[in-house]
Amino acid sequence: MKKKIVIIGAGSEMFTQGLVVDLIKKNPGGHKWKLALVDIEEGILENVVKLVKKIIEAKQADIELEWSTDRCDCLPGADYVITTIGVGGRRAWEQDVFIPRKYGINQPVGDTAMPGGISRAMRMIPAMLDIVKDTQRLAPNARLYNYSNPMTAICRAIRKELEYPITGLCIGTAESEW
């Protein structure tokens, strides 16, 4: 039986590519996999799907692929849900950096702490709570992994508001060869 992974926010080509390559290279548990890609931007999702299909084909990986702009289409049967969303995209993140800078607050990164992190949390937490509510309803036994920032604030909100177990992960270095 295939294990199912759903990546919500799959529109990040480099991030999704890294996860897919790791899945193929490491194949945790030696399972056969079903991979579902979800992103709200249809054109971006189409590009990511093309890329992932090429990777799967090049490595002759036994991965069944599905995709949708609606996470509720992909969540049923999920064993694992990985979130990599960014509400507001790059433009919102830029404002998280530029607005505090305008008032003399220089922050090293505007997605985790300080005014930029607070602003991002205010955008991200409601969206993440909605994703988790759908996960609870459609894939109640799925393990949830969050890569979205501000990671700690998101994980705390989900545990506190919905009492749902979540693991927060941070992207590290990746191998370039596959």
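Refer to the structure printed above.
Below you will find a few notes about this structure.

How each quantity is defined
Residues numbered from 1 in each chain as written. Predicted model: local features only at pLDDT ≥ 70, side-chain atom pairs only at ≥ 80, totals over all residues. Heavy atoms only, no water. Helix = DSSP H or I, 4+ residues; strand = E, 2+ residues; numbered from the N terminus. Rg over C-alpha atoms; globule rule 2.2 N^0.38 Å. Buried < 20%, exposed > 50% of the residue type's maximum accessible area, 1.4 Å probe, protein only. Contact = heavy atoms within 4.5 Å. Areas by Shrake-Rupley, 256 points an atom, 1.4 Å probe, with all protein chains shown as cover. Lys, Arg positive; Asp, Glu negative; His and termini not counted. Charge placed at Lys NZ, Arg CZ, Asp CG, Glu CD. Pairing = 2+ DSSP bridges. Salt bridge = Lys/Arg side-chain N within 4 Å of Asp/Glu carboxyl O.

**Considering the overall build of the protein**
Then, in step 1: When helices and strands are tallied, the protein shows six helices and six strands.
Then, in step 2: Beginning at the N terminus, the succession of helices and strands in the protein can be written as β-α-β-α-β-α-β-α-α-β-α-β.
Then, in step 3: Its C-alpha atoms give the protein a radius of gyration of 17 Å, within 12% of the compact-globule value 16 Å for 178 residues.
Then, in step 4: Seen along its three principal axes, the alpha-carbon backbone of the protein occupies a region of about 55 × 35 × 30 Å.
Then, in step 5: Classification of the 178 residues of the protein by burial places 41% in the buried group.
Then, in step 6: Considering only intrachain contacts with a sequence separation of at least 6, the fraction spanning at least 24 residues in the protein is 72%.
Then, in step 7: Carbon together with sulfur atoms contributes 53% to the accessible area of the protein, which is approximately 10,200 Å² in total.
Then, in step 8: Both charge centroids of the protein, one from 24 positive and one from 22 negative side chains, sit 4 Å from each other.

**Quick notes on the pairing of strand β2 (residues 33-38)**
Then, in step 1: Counting buried positions along β2 yields five of six residues, so the element is predominantly enclosed.
Then, in step 2: Direction of pairing for strand β1 (residues 3-8) relative to β2: parallel, over a ladder of six bridges. Bridge pairing in β2 places Val6 opposite Ala36.
Then, in step 3: Pairing of β2 with strand β3 (residues 63-68), which is carried by six bridges, proceeds in the parallel orientation.

**A short note on the pattern of salt bridges**
Then, in step 1: Tallied over the entire structure, the rule returns twelve salt bridges.
Then, in step 2: Taking the shortest distance from any N to any O, the salt bridge between Asp96 and Arg123 comes out at 2.7 Å. Of this pair, Asp96 sits in helix α4 (residues 89-102) while Arg123 is found in helix α5 (residues 114-138), placing the two residues 27 residues apart along the sequence.
Then, in step 3: Overall, Arg123 belongs to the partly exposed group, its relative accessible area being 22%.
Then, in step 4: Connected via shared salt-bridge partners are Lys2, Lys4, Lys32, Lys34, Asp62, Glu64 and Glu66.

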